[in-house]
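Coordinate inspection notes
What follows is the residue order along each chain.
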Amino acid sequence: MSAVSARLPVFPWDRLEPFKATAAAHPDGIVDLSVGTPVDPVPELIRGALRDAADSPGYPTVWGTPALRDALTGWCARRLGATGLEHTNVLPVVGSKELVAWLPTQLGLGDGDRVAFPRLAYPTYEVGARLAGAEPVVYDRPEDLDPRGLRLLWLNSPSNPTGRVLDRDELRATVAWAREHGVLIFSDECYLELGWEADPVSVLHPDICGGSYEGIVAVHSLSKRSNLAGYRAAFLAGDPAVLGELLTIRKHGGMIVPAPVQAATVAALGDDAHVAEQRERYAARRSALRGALEASGFRIEHSEASLYLWATRDEPCWDTVGDLSRRGVLVAPGDFYGPAGDRYVRVAFTATDERVAEAVRRLG
């Protein structure tokens, strides 16, 4: 039996454990700003929908209930400006990480195929390529890529880890280039509702895609905007031919969003008030942490959206991680996201108000 894990890099977060232990030993406790996991309560509206659907003894469907598909198409129209979406244009998935990791395999990619993603990027894009046996390729500008053998192009705006937002001209140019060369685009837009100094736009907006979803799929998640990381609630929207193929495969594989989570997703996507409330929490934490980091000698780059500050003191990232861990503050080293991040750290502002205030005090 061959070890598939041999194709993969070391799981990055395991390398952070010694620094987490150091931070946890601080007399006033750890302030964990590394992973970026939500800490605020799940809104009662969503919990109520989950409870009401708890008596779900039968198998749910991979495609989801009609109510869920209505909620997905309706949200995409309302929030993303997408036009003419039908049920065939959407597909619920069991969290966005599962989708990212297994997408190249489900698309049938393998030896001789290439999967491209930004030079600074969420590590799972590379993991997905390696699981499928495809070649991972990084880019600074998609248009500079060699399109030969390139089957899948990942966009990520707003970016994890940098918080950079691609503007409309950049997105339009990339969509046109990919269509010219027959390259499938998957656009990871999981932080789209968390723009601070920019207004992120989806590839599904008619200004970007020209009203056609051919060759493009957007990935969205409820983990951050609705505090539902524990629910594993995400979805795809875009090219019906691509989503139809994935639906068929996922039916055979039993990749099913649980029925109560489907009901909770309907409730979450139908309510904008809790999203605005959560944004206010994050905005206050972001402002406090940014001010404290800059006052203590950090430079913040990009970070105009998402849940992170991309920070540097122009030193090796692990030196920064070590120094902050001795103050009881844990952050993510930038090289988790590629060698180009080796002098940066990613600072999440997903801790509680009390922990953020404590981080500000320690940085001061």
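Notes on the structure in this doc start here. (Residues numbered from 1 in each chain as written. Predicted model: local features only at pLDDT ≥ 70, side-chain atom pairs only at ≥ 80, totals over all residues. Heavy atoms only, no water.)

Quick notes on the pairing of strand β4 (residues 135–139)
Bridge analysis of strand β3 (residues 114–118) against β4 gives five bridges, and the strand direction is parallel. Note that in β4 the partner of Val115 across the bridge is Pro136. Crossover connection from β3 via helix α5 (residues 124–132) to parallel β4: handedness right-handed. (Pairing = 2+ DSSP bridges. Helix = DSSP H or I, 4+ residues; strand = E, 2+ residues; numbered from the N terminus. Right-handed = clockwise from strand over helix to strand, strands pointing away.)

Notes on unusual backbone geometry
Put simply, Ser157 and Pro158 share a cis peptide bond, and its omega is -5°. By the element assignment, Pro158 lies in the loop between β5 (150–156) and α6 (168–181). At Arg232, a residue that is not glycine, the phi angle is positive and equals roughly 55°. Mapping Arg232 onto the fold places it in the loop between β7 (216–221) and β8 (234–238). Of the residues examined, Arg232 reaches a relative accessible area of 31% and is grouped as partly exposed. (Buried < 20%, exposed > 50% of the residue type's maximum accessible area, 1.4 Å probe, protein only.)

Here we look at the packing of helix α4 (residues 96–106) against α5
For the pair α4 and α5, interaxial distance at closest approach is 7 Å and the crossing angle is 35°. Regarding α4 and α5, the two cross each other, and that crossing is right-handed. Residues Lys97, Val100, Ala101, Trp102, Pro104 and Thr105 of α4 pack against Thr124, Tyr125, Gly128, Ala129, Leu131 and Ala132 of α5. (Axes fitted to C-alpha atoms, helices over the stretch in contact; angles between N-to-C directions. Left-handed = near helix turned anticlockwise from the far one by under 90°. Contact = heavy atoms within 4.5 Å.)

A short note on the layout of surface pockets
Here the largest pocket is characterised by a volume of approximately 1100 Å³. Lining the largest pocket are 47 residues, with Trp13, Lys97, Tyr122, Pro123 and Thr124 positioned closest to its centre. Sorting the residues of the lining of the largest pocket by element identifies α4, β3, α5 and β4 as the ones contributing at least two each. For the lining of the largest pocket, the element with the most residues is α5, which contributes four residues. Split by residue class, the lining of the largest pocket holds 28 nonpolar, 10 polar and nine charged. Empty space within the second largest pocket amounts to approximately 490 Å³. Surrounding the second largest pocket, 22 residues form its lining, Pro118, Tyr139, Asp140, Arg164 and Leu166 being those nearest its centre. (1 Å grid on protein atoms, 1.4 Å probe; cavity = no way out; pocket = protein on both sides within 12 Å on 5 of 7 lines; lining within 4 Å. Points joined across faces, edges and corners; volume = space filled by probe spheres on them. Nonpolar A, V, L, I, M, F, W, Y, C, P; charged D, E, K, R; others polar.)

Some remarks on the pattern of salt bridges
Applying the stated criterion to the full structure yields 31 salt bridges. Of the charged contacts, one joins Asp113 and Arg151 as a salt bridge, the two residues approaching to 3.1 Å between their closest N and O atoms. Here Asp113, found in the loop between α4 and β3, pairs with Arg151, found in strand β5; they are 38 residues apart in sequence, far enough to count as distant. Exposure remark for Asp113: the relative accessible area of 13% places this residue in the buried category. Salt-bridge contacts for Arg225 lead to Glu193; the nearest nitrogen and oxygen are separated by 2.6 Å. Pair noted here: Arg225 is in the loop between β7 and β8 and Glu193 is in the loop between β6 (184–188) and α7 (206–209), with a separation of 32 residues, a long-range link. Exposure remark for Arg225: the relative accessible area of 5% places this residue in the buried category. Judged by its relative accessible area of 12%, Glu193 is buried. (Salt bridge = Lys/Arg side-chain N within 4 Å of Asp/Glu carboxyl O.)

Points about the sheet that holds strand β9 (residues 299–301)
Spatial ordering of the open sheet is given by β9-β10-β13-β12, a layout of four strands whose pairing is antiparallel. The outermost strands of the open sheet, each flanked by one partner alone, are β9 and β12 (332–333). The strands that helix α10 (residues 273–295) touches are β9, β10 (308–312) and β13 (345–348); relative to β10, the one it contacts most, it runs at about 5°.

Overview of the packing of aromatic side chains
For the coordinates displayed, the defined rule picks out 14 aromatic pairs. The interplanar angle of 65° and the centroid separation of 5.6 Å between the aromatic rings of Tyr191 and Tyr308 together place this pair among those described as edge-to-face. Taken as a pair, Tyr191 in the loop between β6 and α7 and Tyr308 in strand β10 lie far apart in primary sequence, 117 residues in all. Following the ring pairs from residue to residue traces out a cluster consisting of Trp13, Phe19, Trp310, Trp318, Phe336, Tyr337 and Tyr344. Above the ring of Trp63, the side-chain terminus of Arg69 is found at 3.9 Å from the ring centroid. Lying over the aromatic face of Tyr308, Arg346 brings its terminal NZ or CZ to 3.7 Å of the ring centre. (Phe/Tyr/Trp six-rings, centres within 6.5 Å; stacked < 30°, edge-to-face > 60°. Lys NZ or Arg CZ within 6 Å of the ring centre and 35° of its normal.)

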